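Given next are the chains, with one letter for each unit.
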Amino acid sequence: MTEQDALFDYCLRIGDSSLIIGHRLSEWCGHGPILEEDIAIINVSLDLVGQARSVLDYAGKIEGKGRSEDDLAYLRDVAFYRNHLICEQPNGDYGRTIVRQFLFDSFHYLFLNELVNSKDDFFSGYAEKSLKEVIYHMQHSTKWMLRMGDGTEESHRRVQEPLNDLWRFTGEFFAVNEVDKILISNGIAVDLNKIKPKWKQYVREIIEDATLTLPTNDWEQLGGKEGRHTEHLGFILAEMQFLPRAYPDATW
Amino acid sequence: MNDFQIRELLEEVKDPEVPVLSILDLGVVRSFSIKENIVDIVLTPTYSGCPAMQVIEDDIVSILKNNGVEKVNIEMVLAPAWTTDWITEKGKQQLIEFGIAPPEKSSVDKSSITGDARFIACPRCKSENTEMLSQFGSTACKALYRCKDCLEPFDYFKCL
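Residues numbered from 1 in each chain as written. Chains lettered and ligands numbered in written order. Predicted model: local features only at pLDDT ≥ 70, side-chain atom pairs only at ≥ 80, totals over all residues.

1. Section: the overall build of chain A
- Looking only at helices and strands, one finds eleven helices and zero strands in chain A.
- Against the 2.2 N^0.38 benchmark of 18 Å for 252 residues, chain A shows a C-alpha radius of gyration of 18 Å, consistent with a compact globule.
- Across the 252 residues of chain A, 45% fall into the buried class.
- Within chain A, contacts between residues separated by at least 24 positions form 76% of all contacts whose residues are at least 6 apart in sequence. (Helix = DSSP H or I, 4+ residues; strand = E, 2+ residues; numbered from the N terminus. Rg over C-alpha atoms; globule rule 2.2 N^0.38 Å. Buried ≥ 20, exposed ≤ 12 C-beta atoms within 10 Å, placed from the backbone. Contact = placed C-beta atoms within 7 Å.)

Structure (structure tokens):
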């Protein structure tokens, strides 16, 4: 794998993760449990899709084959997506969505916090910009974890169950492959081992404050970073990519 | 056309979501220059996903071309990241008059990390007896507040 291939793959990992979880959140539009939450979750979605656009645009430039951000988002199939598996998991009820978001936001925040030191100028600028937005995302999902975990018996159950269920996808945040090895050696990529203990500590503290129980299941479901996805991604792409595939020249 | 005239035209371009605020007062125009009737402009987005940015770009191109500029090149840069500290004093005053509480100084203070609500003055009655209803409002850049004295809800242009 050349450095250029690794950089392209790394862009896809970052961009696809934001795009897919952003798209998932957009499914809440008009369906939020209360008006303020409908607005909040769509704001988060908008930030993430916006962030994805700029990384995918950069990915196209790195690849050098003339593919635009839209080409990459709309004309790649499942096996070419590099997002974390947790991003594609279904919304379920609002409790499940919040747990997924909390696990992702806390990783995303710590990841960007390191990416600001990247020797790649695009990544450092991108991280500085995105970090400002992601702080708000993390605050939002953290507060809901606390409210629901330490709320009623019913709300507690509705976050504990998805927490147990989604936990197996969190190991992937820190899984290192060839791409990381190449890019860490030249100071471009984040050393995931460095943020793992910080993430574990933050998540443990919030879970305890929320009176929830930290899952003990250590199984790590991997694959997203290499294009091996759960069944859900195909359904997301079928919906998200329908229009540009059916009407290739459609414009606003 | 000279720099002064370009500046006057850019002053005419408003944020489509806050139509009293010019893009110069919003602080998204990083630099501009004109050479042989071609204008180069460097812009920075407020929020990554802000849909207003495309409208702003289109408005800039259209107003400059309508005034005789031959070509407009717009470059979008992410770094250094836009901050609400770049909104001018005039811009903040205009926000208040429009009914939006302007951002507090310094976007990187502790409360943006801990999420503690600050004391934001109501843009209508000036009372500081207000509360945050939601960190997310009608657009990416705003939070939703309520005044506990005059009971009016209002937007707060949140710090970034």
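2. Re the overall build of chain B
- In terms of helices and strands, chain B carries five helices and nine strands.
- For chain B, the succession of helices and strands along the chain, N to C, is α-β-β-α-β-β-α-β-α-β-α-β-β-β.
- Referenced to the eigenvectors of the C-alpha coordinate spread, the extents of chain B come out at roughly 55 × 30 × 25 Å.
- Here chain B holds 160 residues, and 36% of them are scored as buried.
- Look at the contacts in chain B between residues 6 or more apart in sequence, and 52% of them connect residues 24 or more apart.

3. Topic: helix α2 (residues 35–63) of chain A
- Taking 1.5 Å of rise per residue, the 29 residues of α2 of chain A would be expected to cover 42 Å, and the 42 Å separating its terminal C-alpha atoms lies within 8% of that figure.
- Taken from the residues just after α2 of chain A, G64 of chain A is the one with a positive phi, measuring 75 degrees. (Expected span 1.5 Å × (residues − 1).)

4. A short note on the environment of A121 of chain B
Residues and elements named next belong to chain B.
- For A121, the position within the fold is in the loop between α5 (111–114) and β7 (130–134).
- In this structure A121 comes out as partly exposed when scored by C-beta crowding, with 19 C-beta atoms within 10 Å.
- Separated by 19 residues in the primary sequence, A121 and P102 have C-alpha atoms spaced 9.1 Å apart.
- If we ignore the near neighbours within four places in the chain, the residues touching A121 are A101, K126, S127 and E128.

5. Describing the domain arrangement of chain B
Residue and element names in this part refer to chain B.
- Per the domain assignment, the segments making up chain B are domain 1 (3–76) and domain 2 (100–157).
- In this assembly, six residues from domain 1 lie in contact with four residues from domain 2.
- For the side of domain 1 that touches domain 2, the residue count by class is three nonpolar, two polar and one charged. (Domains from an automatic or database assignment. Nonpolar A, V, L, I, M, F, W, Y, C, P; charged D, E, K, R; others polar.)

6. Notes on the interface of chain A and chain B
- Across the contact, 23 residues belong to chain A and 18 residues belong to chain B.
- Those elements that provide at least two residues to the side of chain A that touches chain B are α2 and α6 (121–149) of chain A.

7. Considerations on the sheet that holds strand β5 (residues 71–76) of chain B
Residue and element names in this part refer to chain B.
- Read across the open sheet, the three strands follow the order β3-β4-β5; overall the sheet is mixed. Looking at strand neighbours, the two that pair on one side only are β3 (29–35) and β5, the edges of this open sheet. Across the sheet, the axes of successive neighbouring strands diverge by a mean angle of 15 degrees, strand direction being ignored.
- In this structure, β3 lies alongside strand β4 (residues 38–43), joined through six bridges in antiparallel fashion. Counted as the bridge partner of S31 is V42 from β4. (Pairing = 2+ DSSP bridges. Axes fitted to C-alpha atoms, helices over the stretch in contact; angles between N-to-C directions.)

8. A short note on the nonpolar core
- Judged by nonpolar contacts, the single largest core of 104 residues is most densely connected at Y10, C11, V55, A59 and I98 of chain A.
- At twelve residues, helix α5 (residues 94–115) of chain A tops the list of elements feeding residues into this core.
- Taken together, domain 1 (3–76) and domain 2 (100–157) of chain B each give at least three residues to this core, which thus spans both.
- Non-local contacts of A59 of chain A, meaning those with residues more than four positions away in its chain, are made with F8, C11, L12, G15 and L72 of chain A. (Core = buried A, V, L, I, M, F, W, Y, C linked by C-beta atoms within 7 Å.)

9. Let's talk about α5 of chain A
- Its 22 residues place the ends of α5 of chain A 30 Å apart at the C-alpha level, agreeing with the 32 Å of an ideal helix rising 1.5 Å per residue.
- Judged by how many residues are buried, α5 of chain A sits mostly within the fold: 19 of 22 residues are covered.

10. Considerations on the packing of α2 of chain A against α6 of chain A
Residue and element names in this part refer to chain A.
- Remark: α2 packs on α6, axes separated minimally by 10 Å, with the N-to-C direction vectors making an angle of 165 degrees. With respect to their mutual orientation, α2 and α6 come out roughly antiparallel. Crossing angle aside, the handedness with which α2 passes α6 is left-handed. For the pair α2 and α6, contact is made by A40, V44, D47, Q51, S54, V55 and Y58 and by F122, Y126, S130, E133, H137 and H140, respectively.
- Class assignment of the residues belonging to the contact of α2 with α6 gives a composition of six nonpolar, five polar and two charged. (Parallel < 35°, antiparallel > 145°, perpendicular 65-115°, else oblique. Left-handed = near helix turned anticlockwise from the far one by under 90°.)

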